[in-house]
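Residue-level structural notes
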Amino acid sequence: MKVLIAEDDAVSRRLLRSYLEKWGHEVVETADGAEAWRRFEADDFPIVISDWIMPEVDGVELVRRIRAAAKPNYVYTILLTAKSQKEHVVAGMDAGADDFVTKPFDRDELRVRLREGERIIRLERSLAEQNRALRETQAALVQSEKLASLGQLAAGMAHEINNPVAAVTNNLAVLRRDVAAALRLLDRYRRAREALAAVEPALADELAALEAEADLDYLQKNLEPLFDKSLGGLGRVRDIVRNLRDFAKLDEAERNELDLAVALDTTLEMLHHDITAKELSVVRDYRPVPPLVCHPGKINQVLLNLLTNSVAACAPGGRIDLATRRQDDATVIEIRDNGSGIAPEHMKRLFEPFFTTKPVGQGMGLGLAISYGIVRDHGGTIEAESQPGHGSTFRIRLPDRAEPAERRS
C-alpha cells in the first residue's frame, strides 16, 4: 500500500522508509507535518505514519486534519511517540489516531501494527465495494419498477390517445372532402354573380358583403394547406405514441431480436423536440450488424439515457454522431457528441449510483449506473471517453446473444 511518512528526524525517516519498502510498500516521506498535509491533500494514502512532536504541524494536528478531510476512503493513522502516559494516549485517540508505536520503535512491533492497519484498510475497501454493489442493485430494482410502470403507462397512453386522434383524423378527412365540395359550389355561385345582380340587385349586394366579410379568396387559397398541416400534426402525434409504445416494450419477459438502427432512430424520435429546439445535427453511420437478441426495452433504456445526456451536453447547433459496427464477434454502438465534456475527476465515478454533477432536483445520478448494470447483465461492456470542452464518446459492446452474466459459461 501507499504509505505517507511524517518524521522530522532524518535517521528515523530513512529507517522507516527502508523497512516499509522491504515489506513491499510504496513510500512518500516528508520532514514535517505541514509538508505531509500538503502531500496528503494532493494524493491518496491509505496509511499515514507520523511522529507526534514536529515543528509547525505536529502529529496530533495532522491526524485531526486527516479526519476532517473529505477523502472518499478511510485512512489508517499510526502515531510514533515517546509519550506513553494514559492522558497522551487518550489525546491521540481523541484526535482520531488508530494506533501508536513507541519510540524508539521496534521493527517487529511496527510490522505487526502496520499489518493490522492493512487488514482494516482491506476490510474497509471490501465493505465499500459491497456497499457500491448494494446501491447499484437497489438502483436497478428502482429502475425495474420504473420500467414496468412506464410500460403500463405507454400501453394506457396508446389506447387513450389513439382513440381521439383516430376520431379527429377521420372527421378532418370528412371535413376536407365536404369543404372542398362546398367551395366548388361557391365558385359556381360566384360565376352567376352578374346574372343574379340583374335579377336581384339587393340580394347580390348582400352576398358580396358576406363574401368580403368571410374573405372567401383567403379561404379558397389556404383551407387545403390548413387541412394538410392539421392532418400532419395528428400523424406526428400518432407516430409519437407508436414510438413510445415500441420503445417501452418493458413488459416483455422474453428476449427478442432488436434492430439497433431502428432502436436508435426510434430513440431519436423520442428526443425530437429537444434536438430540434437546440438545432442539433445528427450524423448516422449504421454499418450492417446482426439483430441483437436481448431485452429490447432495457437496451432502449440505455440508448435513451446516453442520448439524453448527449443532447443535454451539446450547445445550440451542436452535433451528435451515432455509429454501429462489428468488432471481434461483438456489436459496437457509439454515441459521440461535441458537447461540454466530462471533467477528469468525474470520469472514475461516472457509473456510480447517485453520482451526478447536475444541480439538486435536476438529476438522481441513476441513468449511467442503470445503463452500466443493464449492459453488464447482457454480457457486454460500456466505456466512456471525454475531454472537457471537446465532447464525449460512449461505446457499448454487446454479444449477439446478450445472455446474463450468470448464464454464460
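In this text, all values refer to a predicted model and were calculated from it rather than measured experimentally. (Residues numbered from 1 in each chain as written. Predicted model: local features only at pLDDT ≥ 70, side-chain atom pairs only at ≥ 80, totals over all residues. Heavy atoms only, no water.)

1. Quick word on the layout of surface pockets
This is how it is decided: Buriedness for pockets is judged along seven lines, at least five of which must meet protein on both sides within 12 Å for an open set on the 1 Å grid over protein atoms alone, while cavities are sets there where a 1.4 Å probe fits but cannot get out, and lining residues have an atom within 4 Å of a point. Grid points are joined across faces, edges and corners, and a volume is the space filled by probe spheres set on the points. Only DSSP runs of H or I covering at least 4 residues are called helices, and only runs of E covering at least 2 are called strands; the numbering of each starts at the N terminus. Side-chain classes follow a simple rule in which Ala, Val, Leu, Ile, Met, Phe, Trp, Tyr, Cys and Pro form the nonpolar group, Asp, Glu, Lys and Arg form the charged group, and the remainder, Gly included, forms the polar group.
In this structure, the second largest pocket encloses a volume near 730 Å³. Around the second largest pocket sit 24 residues that line it, and Pro 72, Asn 73, Lys 348, Arg 349 and Glu 352 are the ones nearest its centre. Residue assignment for the lining of the second largest pocket shows that the elements contributing at least two residues are α2 (33-42), α5 (107-191) and α12 (344-347). Tallying contributions element by element places α5 first for the lining of the second largest pocket, with 8 residues. For the lining of the second largest pocket, the residue count by class is 8 nonpolar, 2 polar and 14 charged.

2. Here's the deal with the sheet that holds strand β12 (residues 392-398)
The condition is simple: For two strands to be treated as a pair, DSSP must find no fewer than two bridges joining them. Orientation is described by axes fitted as lines to C-alpha atoms, over the contacting stretch for helices, and by angles from 0 to 180 degrees between their N-to-C directions. By definition in these notes, contact holds between two residues if any of their heavy atoms fall within 4.5 Å.
The strand order across the open sheet built from 5 strands is β7-β9-β10-β12-β11, with neighbouring strands paired in mixed fashion. In the strand order of this sheet, the two ends are held by β7 (281-286) and β11 (381-386), each with one partner. Shown here is a sheet whose adjacent strand axes are inclined to one another by a mean of 15°, direction ignored. Alignment of β7 against strand β9 (residues 319-327), held across 6 bridges, turns out to be parallel. By the bridge assignment for β9, Ser 281 is matched with Arg 319. The strands touched by helix α9 (residues 260-270) are β7, β9 and β10 (330-337); relative to β7, the strand with the most contacts, the crossing angle is about 170°.

3. A short note on the confidence of the model for the protein chain
The condition that has to hold: pLDDT is a residue-level measure of predictor confidence that goes from 0 to 100.
Across the protein chain, pLDDT averages 82, with 85% of residues at or above 70. Least confident of the elements in the protein chain is helix α6 (residues 193-199), whose mean pLDDT is 73; most confident is β7, at 96. Low pLDDT, under 50, characterises residues 404-409; the stretch is placed with 7 contacts to residues that sit more than four places away or in other chains.

4. Comments concerning the environment of Val 168
This is how the line gets drawn: Burial status follows relative accessibility: with a 1.4 Å probe on protein chains alone, a residue under 20% of its type maximum counts as buried, one over 50% as exposed, and anything between as partly exposed.
Of note, Val 168 is situated in helix α5. A relative accessible area of 40% means that Val 168 is categorised as partly exposed.

5. Points about the sheet that holds strand β1 (residues 2-6)
Across the sheet, 5 strands lie side by side as β2-β1-β3-β4-β5; this open sheet has parallel pairing. Looking at strand neighbours, the two that pair on one side only are β2 (26-30) and β5 (99-102), the edges of this open sheet. Geometrically, the sheet is characterised by an average inter-axis angle of 20° between neighbouring strands, direction not taken into account. The sheet contact formed by β1 and β2 spans 5 bridges and is parallel. Of the residues in β2, the one forming a bridge with Lys 2 is Glu 26. Against the sheet, helix α1 (residues 10-22) touches β1, β2, β3 (47-51) and β4 (76-81), its axis set at about 170° to β2. Against the sheet, α2 engages β1, β2 and β3, with an angle of about 140° to β2.

6. Focus: the side chain of Ser 12
Condition: Contacts described as polar in this section are N or O atom pairs within 3.5 Å, which, within protein, must combine one atom able to donate a hydrogen with one able to accept it, while residues neighboring in sequence count only if both atoms come from side chains.
Secondary-structure assignment places Ser 12 in helix α1. Judged by relative accessible area, Ser 12 falls into the buried class, the value being 14%. At 2.8 Å, the side chain of Ser 12 forms a polar contact with the side chain of Asp 9. Setting aside anything within four residues of it in sequence, one finds Ser 12 in contact with Glu 7 and Phe 105.

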